[in-house]
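Fold and contact review
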Amino acid sequence: MTSTVEATVSRAAHPGATGAATEPPPAFAQIVRDHLDGLYGYCFRLTGDPADAEDLVQESLLRAMRAYDGLRDPSRAKGWMFAIATNAWRDLMRARGRELRTTSLDDLDPEAGEFSLFQTLTIEDPFPYSDELHLDFLRLFRDDDVRAVFGSITAAFRLPIVLTVVHGFSCKEAAAMLEIPLGTLLSRLHRGRKQLERGLWDYAVANGLVTSTEEDRR
Amino acid sequence: MIDCREAVRRMWAYLDRSLGDEPVEEFEAHLETCQRCCGELEFSRHLRDMVADTDQRSAPAMPPELRSRVELLFADAETSTEGRA
């Protein structure tokens, strides 16, 4: 299957597709090698399992090799590789009878869609009190804490964050990779962020990083 | 003029530089009149950086065994390309 991004890369770099080739394309390995760690990290994020991530990397590379003639713009190799990996992962999920879960955030938690961590911190002003209240709240989290909260976000809402925030793709590129309209991508990005905010607050309260006024009242 | 709710919806896309010209103008016009959203934008920027930095620090590198298998794959590809040439 050829994704929108894969096709776009081919077309964009291949306007007209006529005329004599001036120089041979760089070797596949030369183009892809720089992105291997990023690709593995992305596959690990997609699958959440080291063995599945390894299988996905290999499947993605095999597909990329077969489709390499379609890549005429090496500077876009990373997006092209990630699009192929996303497709391969989607096929893997289908083969296993698991579709990407897109349950409404409202269904998961009616209050989560409107939750604002910024607002909650302002209102709760949790202990320890600080002049830099909002930023100090974030400093309470170690890497393990952030990973735990981030990993708990619904996959369909987490992926847009992974692609845009972690890997630096534009929303337009991420939407093409996930084969969804830009508006849907923005909506999922928003929902993912809301789950992240709610998750950070709940985690902080549950693990004693802060004492909320609600806790004080009990 | 957009309201705070819409401004918050656009915040991360703004930080990603993924908004079109008109939505950016509307968003920035809102910021000029809303101190609260300026504060939330700053907070969103730090939250976003926290997620990205955490991932960068803890992203697993490709295991050496897998890298070896991948290099074999590359070598096979080169061989077959030379064979076709």
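Look a little higher up for the structure.
What counts as what
- Residues numbered from 1 in each chain as written.
- Chains lettered and ligands numbered in written order.
- Predicted model: local features only at pLDDT ≥ 70, side-chain atom pairs only at ≥ 80, totals over all residues.
- Heavy atoms only, no water.
- Helix = DSSP H or I, 4+ residues; strand = E, 2+ residues; numbered from the N terminus.
- Rg over C-alpha atoms; globule rule 2.2 N^0.38 Å.
- Buried < 20%, exposed > 50% of the residue type's maximum accessible area, 1.4 Å probe, protein only.
- Contact = heavy atoms within 4.5 Å.
- Areas by Shrake-Rupley, 256 points an atom, 1.4 Å probe, with all protein chains shown as cover.
- Lys, Arg positive; Asp, Glu negative; His and termini not counted.
- Charge placed at Lys NZ, Arg CZ, Asp CG, Glu CD.
- Phe/Tyr/Trp six-rings, centres within 6.5 Å; stacked < 30°, edge-to-face > 60°.
- Lys NZ or Arg CZ within 6 Å of the ring centre and 35° of its normal.
- Core = buried A, V, L, I, M, F, W, Y, C linked by side-chain atoms within 4.5 Å.
- Patch = residues over 30% accessible without salt bridge, like charges linked within 9 Å, V, L, I, M, F, W, Y side chains within 5 Å.
- Salt bridge = Lys/Arg side-chain N within 4 Å of Asp/Glu carboxyl O.

Focus on the overall build of chain B
Helices and strands together make up the secondary structure of chain B, namely 4 helices and 0 strands. Listing every helix and strand of chain B by position from the N terminus yields α-α-α-α. Expected size for 85 residues packed as a compact globule is a radius of gyration near 12 Å; at 23 Å, chain B overshoots this value by more than 25%. Each of the three principal axes of chain B carries a C-alpha extent, and together these read 65 × 30 × 15 Å. Residues classed as buried in chain B amount to 41% of the 85 residues present. Sequence separation of 24 or more characterises 58% of the internal contacts of chain B that already satisfy a separation of 6 or more. For chain B, the exposed area adds up to about 5,100 Å²; of that, 48% sits on carbon and sulfur atoms. Considering chain B, the positive charge centre built from 11 side chains and the negative charge centre built from 19 side chains are found 5 Å apart.

Quick notes on the packing of aromatic side chains
Summed over the entire model, instances satisfying the criterion amount to 11 aromatic pairs over all chains. With a centroid separation of 4.6 Å and an interplanar angle of 20 degrees, the aromatic rings of Y42 of chain A and F82 of chain A are classed as stacked. Here F82 of chain A lies in helix α5 (residues 77–95) and Y42 of chain A lies in helix α3 (residues 36–47), a separation of 40 residues in the sequence. Each of the two residues, Y42 of chain A as well as F82 of chain A, counts as buried. Three or more aromatic residues link up through ring pairs in this structure, and these residues are F28, Y68 and W80 of chain A together with F74 of chain B. It is K78 of chain A that lies over the ring of F82 of chain A; its NZ or CZ is 5.5 Å from the centre.

Side note on the nonpolar core
One recurring pattern in soluble globular proteins is that nonpolar side chains are buried together. Core analysis: the biggest nonpolar cluster contains 86 residues, and L61, F137, L196 and L200 of chain A together with W12 of chain B have the highest contact counts within it. The element best represented in this core is α5 of chain A, accounting for 10 residues. In this view, W12 of chain B contacts I161, V165, L189, R193 and L196 of chain A together with S44, L47 and R48 of chain B; residues no more than four positions away in its chain are not counted.

Remarks on a negative patch on the surface
A contiguous patch of negative charge, built from D21, E22, E25, E28 and E32 of chain B, is present on the exposed surface. In this fold, E22 of chain B is placed in helix α2 (residues 21–33).

Regarding unusual backbone geometry
Despite not being glycine, E179 of chain A shows a phi value in the positive range, around 55 degrees. Within the fold, E179 of chain A resides in the loop between α11 (171–178) and α12 (182–206). With a phi angle near 55 degrees, R17 of chain B is a residue other than glycine that sits in the positive phi range. By the element assignment, R17 of chain B lies in the loop between α1 (4–15) and α2. Here R17 of chain B falls in the exposed class, since its relative accessible area comes to 75%.

Quick word on the pattern of salt bridges
It is possible for side chains of opposite charge to pair when their charged atoms get near one another. For the structure shown, the criterion picks out 22 salt bridges over all chains. Salt-bridge contacts for E132 of chain A lead to R139 of chain A; the nearest nitrogen and oxygen are separated by 3.4 Å. Measuring nitrogen to oxygen at the nearest pair gives 2.8 Å for the salt bridge that ties R10 of chain B to E26 of chain B. You can see R10 of chain B sitting in helix α1 and its partner E26 of chain B sitting in helix α2, a full 16 residues away along the chain.

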